[in-house]
Amino acid sequence: VGSIALTAVKSQVITDQFSGSQPVPGATITYQIVITPSGSGTADNVAFSDAIPTNTTYQSGTLTLNGTAMSDGNDADAGQFVSSPVAQIAVALGTLTAASSAQTIRFAVTIN
């Protein structure tokens, strides 16, 4: 018998068009989510999704998993951008155990 826990920690970096870090229209917010398994046992078919914040627009082509670029479509890779009913990114992480390395997802949006 095992018990596995998955912890997700989300951070963001803002880069504005004036070489600063102000959350102004046109600035880019790059999000990073690190999912870390701990405990014992197995988590099968792990999936993560994150809504695109209100008043922002997803930047096409920015979705990565562990540094590997993913297409935005529903295809052979693990990630996709879903535009409706709620704009979000979705990433299939598969099977995770406590021995699995942390999974890092990144994507970017533009402030409207």
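Shown above is the structure to which this text applies.
Report follows, based on the coordinates. Bear in mind the structure is a predicted one, so any value in this text is a computation, not a measurement.

This brings us to the overall build of the chain. Helix and strand content of the chain: zero helices and nine strands. Start at the N end of the chain and walk to the C end: the helices and strands fall as β-β-β-β-β-β-β-β-β. C-alpha extents for the chain along the principal axes are approximately 55 × 30 × 25 Å. Here the chain holds 112 residues, and the buried ones make up 29% of them. Long-range pairs, those at least 24 residues apart, make up 68% of the contacts in the chain with a sequence separation of at least 6. Approximately 6,200 Å² of the chain is accessible, and the part contributed by carbon and sulfur atoms is 53%.

Counting residues in each nonpolar core, the largest one holds 21 residues, and the members touching the most others are Phe48, Leu63, Ile89, Val91, Leu93, Ile105 and Phe107. Of all the secondary structure elements, the ones that give two or more residues to this core are strand E2 (28-39), strand E3 (42-51), strand E8 (88-97) and strand E9 (103-111). Beyond its immediate chain neighbours, meaning those up to four positions away, Leu63 contacts Tyr58, Thr68, Ala69, Met70, Asp72, Gly79, Gln80, Ile89, Val91, Ile105, Arg106 and Phe107.

Our next topic: the pattern of salt bridges. Oppositely charged side chains can pair when the atoms bearing their charge come close. A full pass over the atoms with the stated rule returns one salt bridge. Here Lys10 and Asp50 are joined by a salt bridge, their closest N and O atoms 2.6 Å apart. Of this pair, Lys10 sits in strand E1 (residues 4-15) while Asp50 sits in strand E3, and the two are 40 residues apart along the sequence. Among the residues examined, Lys10 registers a relative accessible area of 39% and is labelled partly exposed.

Rules behind the numbers
Residues numbered from 1 in each chain as written. Predicted model: local features only at pLDDT ≥ 70, side-chain atom pairs only at ≥ 80, totals over all residues. Heavy atoms only, no water. Helix = DSSP H or I, 4+ residues; strand = E, 2+ residues; numbered from the N terminus. Buried < 20%, exposed > 50% of the residue type's maximum accessible area, 1.4 Å probe, protein only. Contact = heavy atoms within 4.5 Å. Areas by Shrake-Rupley, 256 points an atom, 1.4 Å probe, with all protein chains shown as cover. Core = buried A, V, L, I, M, F, W, Y, C linked by side-chain atoms within 4.5 Å. Salt bridge = Lys/Arg side-chain N within 4 Å of Asp/Glu carboxyl O.

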